[in-house]
Amino acid sequence: MNKNIVLCGVGGQGTVLASKLIAAAAMKKGLPVMSAETIGMAQRGGSVFSHIRTGEGIHSPMVAEGTADILIAFEPGEAVRMLPYLKEDGQAIVSQKAVMPVTATLAGAAYSAREMIAYLQAHVRNLLVVDTEKACTDIGSSKVLNILLLGAAVHSGALGLSEEDIADAIRARLPEKLHELNLQALTYVKKQAGA
């Protein structure tokens, strides 16, 4: 079954690594994968996004607007910006913690996570907002945000990959000293839901 996946965030949040883990997990399952990402502003706190398409018969890595099965957003403002890509019954996984992008800082614009989340709640049928600040505190590291959201995406069922698929990709792609912390982050949302 084909999947269209969009990830978005702000530079430094691990968006590109998360997309590479998804792609690696899908390829290990024998699925054709195409992906594309923008990383030009990544080092300066600018917008970063990745498109991943898996399954048979895909000819382009770019997800068309209104066709994403899942949107994984590391930042609520970026979720609002990328929302046109999500299909009507698609799943959105969103971090509740706002990170003001450089563009908003330079413009002196007001920036409220609460307003962004309220907008998403009004416009997204299948929305999971993750309290990533609490989760990172519980786990003991702010560097696992990307894996927390991947775990939430797996738990939602919309990603089309299992916890073990992503765990294998983590073990294959990350240094061994980081495995335990990231595997803990991967299962955090499921454990909090009591599943």
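Criteria and cut-off values
- Residues numbered from 1 in each chain as written.
- Predicted model: local features only at pLDDT ≥ 70, side-chain atom pairs only at ≥ 80, totals over all residues.
- Heavy atoms only, no water.
- Core = buried A, V, L, I, M, F, W, Y, C linked by side-chain atoms within 4.5 Å.
- Buried < 20%, exposed > 50% of the residue type's maximum accessible area, 1.4 Å probe, protein only.
- Helix = DSSP H or I, 4+ residues; strand = E, 2+ residues; numbered from the N terminus.
- Contact = heavy atoms within 4.5 Å.
- Pairing = 2+ DSSP bridges.
- Axes fitted to C-alpha atoms, helices over the stretch in contact; angles between N-to-C directions.
- Parallel < 35°, antiparallel > 145°, perpendicular 65-115°, else oblique.
- Left-handed = near helix turned anticlockwise from the far one by under 90°.
- Arc of directions from axis to C-beta.
- Nonpolar A, V, L, I, M, F, W, Y, C, P; charged D, E, K, R; others polar.
- Salt bridge = Lys/Arg side-chain N within 4 Å of Asp/Glu carboxyl O.

Topic: the nonpolar core
Here comes step 1: Ranked by size, the top nonpolar core spans 38 residues in total, and within it Ile22, Ile72, Leu159 and Ile166 carry the most contacts.
Here comes step 2: Of all the secondary structure elements, the ones that give two or more residues to this core are strand 1 (3–10), helix 1 (15–28), strand 4 (68–73), helix 5 (132–139), helix 6 (145–156), helix 7 (163–173) and helix 8 (179–193).
Here comes step 3: No other element matches the eight residues that helix 6 contributes to this core.
Here comes step 4: Non-local contacts of Ile72, meaning those with residues more than four positions away in its chain, are made with Ile5, Val6, Leu7, Cys8, Ile22, Ile93, Leu149, Leu150, Ala153 and Leu159.
Here comes step 5: Counting 17 residues, the second-largest nonpolar core is a separate cluster that includes Leu71, Ala73, Ala79 and Val94.

Some details on the sheet that holds strand 1
By way of backbone hydrogen bonds, the strands of a sheet pair with one another, either parallel or antiparallel.
Here comes step 1: Taking strand neighbours across the sheet as the criterion, the six strands line up as 2-3-1-4-5-6 in an open arrangement whose pairing is mixed. Two strands bound the open sheet, and with one partner strand each, they are strand 2 (33–38) and strand 6 (126–130). With direction set aside, neighbouring strand axes in the sheet form an average angle of 15°.
Here comes step 2: With eight bridges connecting them, strand 1 and strand 3 (residues 47–54) associate as antiparallel partners. Bridge pairing in strand 3 links Gly9 to Val48.

A word on the packing of helix 1 against helix 6
Here comes step 1: One can describe the packing of helix 1 onto helix 6 by two numbers: an axis separation of 9 Å at closest approach and a directional angle of 40°. Considering the angle they form, helix 1 stands oblique to helix 6. At the point where helix 1 passes helix 6, the crossing takes the right-handed sense. Listed contacts from helix 6 to Leu17, Ala18, Leu21 and Ile22 of helix 1 are Asn146, Ile147 and Leu150.

A closer look at the environment of Ala23
Here comes step 1: By secondary structure assignment, the location of Ala23 is in helix 1.
Here comes step 2: Given the relative accessible area of 8%, Ala23 is considered buried.
Here comes step 3: When the C-alpha positions of Ala23 and Asn182 are compared, they lie 17 Å apart, and in sequence the two are 159 residues distant.

Thoughts on helix 7
Here comes step 1: Burial in helix 7 covers these residues: Asp165, Ile166, Ala167, Ala169 and Ile170.
Here comes step 2: Among the structural elements, helix 1, helix 6 and helix 8 are those in contact with the buried residues of helix 7.

Observations concerning helix 4 (residues 113–123)
Here comes step 1: Taken as a whole, helix 4 has its buried residues at Ala113, Met116, Ile117 and Leu120. The arc enclosing the buried residues of helix 4, seen along the axis, measures out at 95°, which places them on a common side. Away from its buried face by more than 90 degrees, helix 4 exposes Arg114, Glu115 and Ala122.
Here comes step 2: Next to the buried residues of helix 4 lie helix 2 (76–82), strand 5 (86–95) and strand 6.

Brief notes about the packing of helix 5 against helix 8
Here comes step 1: Following both chains from N to C, one finds helix 5 and helix 8 inclined at 140°, their axes separated by 11 Å at the closest point. In this view, helix 5 runs oblique relative to helix 8, as classed from their interaxial angle. Note on packing geometry: the crossing formed by helix 5 with helix 8 is right-handed. Of the residues in helix 8, those in contact with Lys134, Ala135, Asp138 and Ile139 of helix 5 are Leu181, Gln184, Ala185 and Tyr188.
Here comes step 2: Classifying every residue of the contact of helix 5 with helix 8 gives five nonpolar, one polar and two charged.

Quick word on the pattern of salt bridges
Here comes step 1: Throughout the structure, instances matching the rule amount to 10 salt bridges.
Here comes step 2: Between Asp69 and Lys87 there is a salt bridge, with the nearest N and O atoms lying 2.6 Å from each other. Placement of the pair is Asp69 in strand 4 and Lys87 in strand 5, with a sequence separation of 18 residues.
Here comes step 3: Judged by relative accessible area, Asp69 falls into the buried class, the value being 12%.
Here comes step 4: Salt-bridge contacts for Glu88 lead to Arg125; the nearest nitrogen and oxygen are separated by 3.0 Å. Linking Glu88 in strand 5 with Arg125 in the loop between helix 4 and strand 6, this pair joins segments that are 37 residues apart in sequence.
Here comes step 5: Take Glu88: its relative accessible area is 67%, and that puts it in the exposed class.

The quantities given are spatial measurements derived from coordinates; they are silent on function.
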